[in-house]
Amino acid sequence: MGRVEQNYYALLGVASDASPQEITTAFRKLALQYHPDVNPSEEAKERMPLLNEAYSVLGDAALRRKYDARLVP
């Protein structure tokens, strides 16, 4: 509960109305940039798990609907 909610759309650099294809493309591009096998930096170690989490939620239609429902004020 004390965890700050990440904006998954911002993490992936897509709009909140992005298509599933746009989300996948953005994730893959960022994964190529931040995957630890390619980028051994500390930033990559911190960022890749967040990108995976964002993609796991936004890439699943049911989880994305639940996530979007929490974003609406």
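Summarised in this report is the structure supplied together with it. Just so it is clear, the structure is predicted and the values come from calculations on it, not from any experiment.

Concerning the nonpolar core
Core analysis: the biggest nonpolar cluster contains 19 residues, and Tyr 8, Leu 12, Val 14, Leu 51 and Leu 58 have the highest contact counts within it. The set of elements that each furnish at least two residues to this core consists of α1 (8-12), α2 (20-34) and α3 (42-58).

Quick look at the packing of aromatic side chains
The way to describe two aromatic rings as a pair is by their centre distance and the angle between their planes. Enumeration according to the criterion identifies three aromatic pairs in this entry. Judged by centre distance (4.7 Å) and plane angle (25°), the ring pair of Tyr 8 and Tyr 67 falls under stacked. Of the two residues, Tyr 8 is situated in helix α1 and Tyr 67 in helix α4 (residues 61-71); the sequence distance between them amounts to 59 residues. Summarising the aromatic geometry, the rings of Tyr 9 and Tyr 67 are spaced 5.9 Å apart at their centres and angled 50° between planes, so their arrangement reads as tilted. One end of the pair, Tyr 9, is in helix α1; the other, Tyr 67, is in helix α4, and 58 residues separate them in sequence. On the accessibility criterion, Tyr 67 (1% relative accessible area) is buried.

Notes on the side chain of Arg 64
Following the sequence through the fold, Arg 64 ends up in helix α4. Other than its neighbours up to four places away in sequence, Arg 64 contacts Tyr 9, Ser 16, Asp 17, Ala 18, Ser 19, Pro 20, Ile 23, Val 57 and Leu 58.

Considerations on α3
With 17 residues, α3 ought to run about 24 Å at 1.5 Å a step, and its terminal C-alpha atoms sit 25 Å apart, in line with that. Residues of α3 that are buried include every one of Ala 44, Met 48, Leu 51, Ala 54, Val 57 and Leu 58, and no others. At its buried positions, α3 is contacted by α1, α2 and α4.

Procedures and definitions
- What you see as residue numbers is a count from 1 along each chain, following the sequence as written.
- Totals for whole chains, interfaces and linings use every residue, but because this is a predicted model, local features are given only for residues with pLDDT of at least 70 and side-chain atom pairs only at 80 or more, for both listing and counting.
- Where side-chain values are given, they derive from all heavy atoms of the structure, hydrogens and water being excluded.
- Residues belong to one nonpolar core when they are buried, are Ala, Val, Leu, Ile, Met, Phe, Trp, Tyr or Cys, and are joined through side-chain atoms within 4.5 Å.
- When a residue's accessible area, from a 1.4 Å probe over protein chains only, is under 20% of the maximum for its type it is buried; when over 50% it is exposed; and in between it is partly exposed.
- In this description a helix means any DSSP run of H or I spanning at least four residues, a strand means any run of E spanning at least two, and both kinds are numbered starting from the N terminus.
- Centres within 6.5 Å are what make two rings of Phe, Tyr or Trp a pair, Trp counting through its six-membered ring; a difference in plane orientation under 30 degrees is then read as stacked, over 60 as edge-to-face, and the rest as tilted.
- Note on definitions: a residue-residue contact is assigned when non-hydrogen atoms from the two residues lie within 4.5 Å.
- Given a helix with a known number of residues, its expected span is that number minus one, times 1.5 Å.

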